[in-house]
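# Structure assessment
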Amino acid sequence: MNYVEPENNKRERGLIVGQYVVTCNFDDESLKKLTQFFDKMGWECSIGKSLRGTPDAVQPLFRFEMFFDGAYQGAGLFQELDNLFEPAVYRKLLKPFKDELPVPMEVTQPCSFWFTEAGVQRFGCAIDEINKCALEVGWEVKCSVLWVHEINYLYEDEYQVALGEEFINIENFDSFSRTADLLLY
């Protein structure tokens, strides 16, 4: 077994235990027994299998939007932050993205940006921090997961893709406690 911090996880099959990922190569029966052991110990666990590296597999994309008092606002992850927080908090929340998330200037048509699996792994802690701060002022970050297979993106880099706005379906947004849990599928 191998213990890895969640944001550095390169799991094929893994269990998140507390703040760590246990990557293992167990068969389904062994994973069932391990899960039963965790249950007896009173620990929560989730089992996931990554499709990364699987030819022709569908892959998840993750869209984060702001909700106020449970209501959809049509505001992406970054769109309301400057109105919600003082400048110092706003700068602190955006710093991880400002330093490493590309800003595609060539996209001129209306679109929606979605994080890739690598983007959620890289920026998950920062998204969790935005959600934590938003919850304190009556807002919440919710996530929609879109499973895709060979689609033409308006823009694509390692961490994000741009799709037409028609891919946003407000019925698909759900609350989450940690972005790391979104990667368990």
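Note on aromatic pairs: each is described by the distance of the centres and the angle between the planes. Scanning the model with the defined rule gives twelve aromatic pairs in all. Geometrically, the ring pair formed by Phe-68 and Trp-139 is tilted, given 5.1 Å between the ring centres and 50° between the ring planes. Of this pair, Phe-68 sits in strand 5 (residues 59–68) while Trp-139 sits in strand 8 (residues 139–148); the two residues are 71 residues apart in sequence, bridging distant segments of the chain. What makes Phe-68 partly exposed here is its relative accessible area of 37%. When the ring of Phe-123 is compared with that of Tyr-159, the centres are 5.2 Å apart and the planes differ by 80°; the resulting orientation is edge-to-face. Of this pair, Phe-123 sits in helix 4 (residues 117–136) while Tyr-159 sits in the loop between strand 9 (155–156) and strand 10 (160–163); the two residues are 36 residues apart in sequence, bridging distant segments of the chain. By the burial criterion, Phe-123 is buried, and Tyr-159 matches it. Among the aromatic residues, those joined into a cluster by ring pairs are Phe-64, Phe-78, Phe-97, Phe-115, Phe-123, Tyr-159 and Phe-176.

In this section: the layout of surface pockets. The calculated volume of the largest pocket comes to roughly 500 Å³. Along the wall of the largest pocket there are 20 residues; nearest its centre are Leu-77, Phe-78, Leu-101, Phe-113 and Gln-160. Going through the elements one at a time, strand 5, helix 3 (87–100) and strand 7 (112–115) are the ones with two or more residues in the lining of the largest pocket. Residue classes in the lining of the largest pocket are distributed as 14 nonpolar, four polar and two charged.

Cut-offs used in this document
- Residues numbered from 1 in each chain as written.
- Predicted model: local features only at pLDDT ≥ 70, side-chain atom pairs only at ≥ 80, totals over all residues.
- Heavy atoms only, no water.
- Phe/Tyr/Trp six-rings, centres within 6.5 Å; stacked < 30°, edge-to-face > 60°.
- Helix = DSSP H or I, 4+ residues; strand = E, 2+ residues; numbered from the N terminus.
- Buried < 20%, exposed > 50% of the residue type's maximum accessible area, 1.4 Å probe, protein only.
- 1 Å grid on protein atoms, 1.4 Å probe; cavity = no way out; pocket = protein on both sides within 12 Å on 5 of 7 lines; lining within 4 Å.
- Points joined across faces, edges and corners; volume = space filled by probe spheres on them.
- Nonpolar A, V, L, I, M, F, W, Y, C, P; charged D, E, K, R; others polar.

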